[in-house]
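Results of the structural survey
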Amino acid sequence: MSNISFGIDVGGSGIKGAKVDLANGEFIGDRIKILTPQPATPDAVAETVAEVLRQAEWDGPVGITLPSVIRNHTARSAANIDPSWIGTDVTELFHRHLGDRKVSVLNDADAAGLAEAAYGTPEARSGSVIFLTFGTGIGSAFLMDGNLFPNSEIGHLEVAGKEAEHRASSAVKEREGLSWKKWAKQVSKVLQTYEKLFSPSLFIVGGGISRKHEKWVPLLSCDTPVIAAELKNRAGIVGAAMAAHEDIQP
Ligand code: BGC
């Protein structure tokens, strides 16, 4: 079986895809990015996914991430995407737009966590790890010795009267012009709540802002160790490609 797969990460601003070499988790060729259509309805997004695949000239199996709970092939939440996703049969949707091929759909943070466990920091593969992505929202993946418990969605847990992702996503930092110090304080509150509830052995923090981890990870205060993800923005696409190859269907 070929070790080459294709992953697509559907985000609020861009739909990004690349061919992935599963021997090492690296991209083959350039990453393709098309702006997310607005409104980001299921049909408009699926048509853009089809365009990414056309541009890449890829007609094999494909893995696709969505910022949504995915269970039994159905999207069950829509915090930062069009509400019309809720209740959408994603397998039917993508087969209609992408033709007869294997399609695996999973949550974006779950995909990123799987990729980190496979190709990132070795610490992601042992113990009870909470992997978090900081972006428009806060995504989460629960990993036990590298195995995924999907759809944890703890970015929506209430932390001191406010949803975690409304308190400490990187979008909040940008929108409110928070300094690293002020933002790290909010992230710390979120992590302290998570450790009280779940007692993980480690937090791994990812998402675009983890590229600047040295500016904020040392400022965090909680009892659990916190390290930065190694895969940064690549993780969603790589995890999607893994899901296609391994036929992961949460
Ligand atoms: C969504 C999650 C997603 C996260 C990061 C949250 O608002 O509910 O499904 O993983 O944002 O995109």
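The coordinates are above.
Our subject in this report is the structure included herewith. Since the structure is predicted, the reported quantities are computational estimates derived from the model, not experimental observations. Along each chain, residue indices are assigned from 1 in the same order as the chain's sequence is written. Note on the predicted model: pLDDT of at least 70 is required for a residue's local features to be given, and 80 or more for side-chain atom pairs to be given and counted; whole-chain, interface and lining totals, by contrast, use all residues. To obtain the side-chain values, all non-hydrogen atoms of the structure were included, while hydrogens and water were left out.

Concerning helix H1 (residues 42-56)
Taking 1.5 Å per residue as the helical rise, H1 with its 15 residues ought to reach 21 Å, and the 21 Å between its terminal C-alpha atoms agrees with that figure. Among all positions of H1, only Pro 42, Val 45, Ala 46, Thr 48, Val 49, Ala 50, Val 52, Leu 53 and Ala 56 are buried. In the core, the buried residues of H1 are packed alongside strand S1 (4-10), strand S2 (14-21), strand S3 (26-35), strand S4 (62-66) and helix H2 (90-98). Once H1 ends, the next one or two residues include Glu 57, with phi positive near 55°. Helix numbers and strand numbers start at the N terminus; a helix is a DSSP run of H or I with at least 4 residues, a strand a run of E with at least 2. Helices are assigned an expected span. That span is 1.5 Å times one less than the residue count. Burial classes follow relative accessibility: with a 1.4 Å probe on protein chains only, a residue under 20% of its type's maximum area counts as buried, one over 50% as exposed, and anything between as partly exposed. Here, residues are in contact when the closest pair of their heavy atoms is within 4.5 Å.

So, the environment of Ser 128
For Ser 128, the location among the structural elements is in strand S8 (residues 128-134). Put simply, Ser 128 and Ala 184 are 56 residues apart on the chain and 23 Å apart in space, counted from C-alpha to C-alpha. Every residue in contact with Ser 128, bar those within four places of it in the chain, is listed here: Leu 143, Met 144, Ser 199, Pro 200, Ser 201 and Leu 202.

Considerations on the packing of aromatic side chains
Aromatic pairs are defined between Phe, Tyr and Trp rings, using the six-membered ring for Trp, whenever the two ring centres lie within 6.5 Å; interplanar angles under 30 degrees are classed as stacked, those over 60 as edge-to-face, and all others as tilted. Going through the model one piece at a time under the given rule, you end up with six aromatic pairs. Between Trp 183 and Trp 216 the ring centres are 4.8 Å apart and the planes differ by 65°, which places this aromatic pair in the edge-to-face class. Placement of Trp 183 in helix H6 (residues 180-198) and of Trp 216 in helix H7 (residues 213-216) is noted, with a sequence separation of 33 residues between them. With relative accessibility at 0%, the residue Trp 183 sits in the buried group. Here, over-ring charges are defined by two tests on the NZ atom of lysine or the CZ atom of arginine: distance to the ring centre within 6 Å, and angle to the ring normal within 35 degrees. A cation sits over an aromatic face here: Lys 173 above Trp 180, 4.2 Å from the ring centre.

Details of the sheet that holds S8
Two strands in a sheet stick together by hydrogen bonds in their backbones, pointing the same way (parallel) or opposite ways (antiparallel). Strand pairing is assigned whenever DSSP detects at least two bridges linking the two strands. With mixed pairing, the five strands of this open sheet are ordered in space as S10-S9-S8-S13-S14. Unpaired on one side and paired on the other, strand S10 (147-149) and strand S14 (226-228) mark the two borders of the sheet. Across the sheet, the mean angle from the axis of one strand to that of its neighbour is 30°, orientation sign disregarded. Sheet topology note: the strand S13 (residues 202-206)/S14 ladder contains three bridges and is parallel. From the neighbouring strand, Ile 204 faces S14, where its bridge partner is Ile 227. The strands touched by helix H3 (residues 108-119) are S8, strand S9 (138-144), S10 and S13; relative to S9, the strand with the most contacts, the crossing angle is about 45°. Running at roughly 150° to S8, H6 makes contact with S8, S9, S13 and S14 of the sheet. Here an angle of 0 to 180 degrees is reported between the N-to-C directions of two axes, which are lines fitted to C-alpha atoms, with helices fitted over the stretch in contact.

With respect to the site of the ligand
The rule for a residue being near a molecule or strand is that one of its heavy atoms must lie within 4 Å of it. Near the ligand, the surroundings consist of Pro 67, Ser 68, Ala 79, Asn 80, Asn 107, Asp 108, Ala 109, Ile 138, Gly 139, Glu 153, His 156 and Glu 165. In protein, a polar contact requires one atom able to donate a hydrogen and another able to accept it; more generally it is a pair of N or O atoms within 3.5 Å, and residues adjacent in sequence count only if both atoms are side-chain atoms. Between an oxygen atom of the ligand and a side-chain N or O atom of Glu 165, the distance comes to 2.8 Å. Note on areas: Shrake-Rupley with a 1.4 Å probe; residue coverage comes only from the protein chains shown. Burial of the ligand by the protein amounts to 93% of the accessible area it has alone, namely 310 Å². Counting only elements with at least two residues in the shell around the ligand, the list comes to H3 and S9. Grouping the constituent residues of the shell around the ligand by class yields four nonpolar, five polar and three charged. Two domains each provide a minimum of three residues to the shell around the ligand, namely domain 1 (4-110 + 234-246) and domain 2 (122-229). The nonpolar class holds Ala, Val, Leu, Ile, Met, Phe, Trp, Tyr, Cys and Pro. Asp, Glu, Lys and Arg form the charged class, and all remaining residues, Gly among them, are polar. Segmentation into domains, and thus their bounds, comes from an automatic or database assignment.

Purely geometric stuff here, so don't read any function into it on its own.
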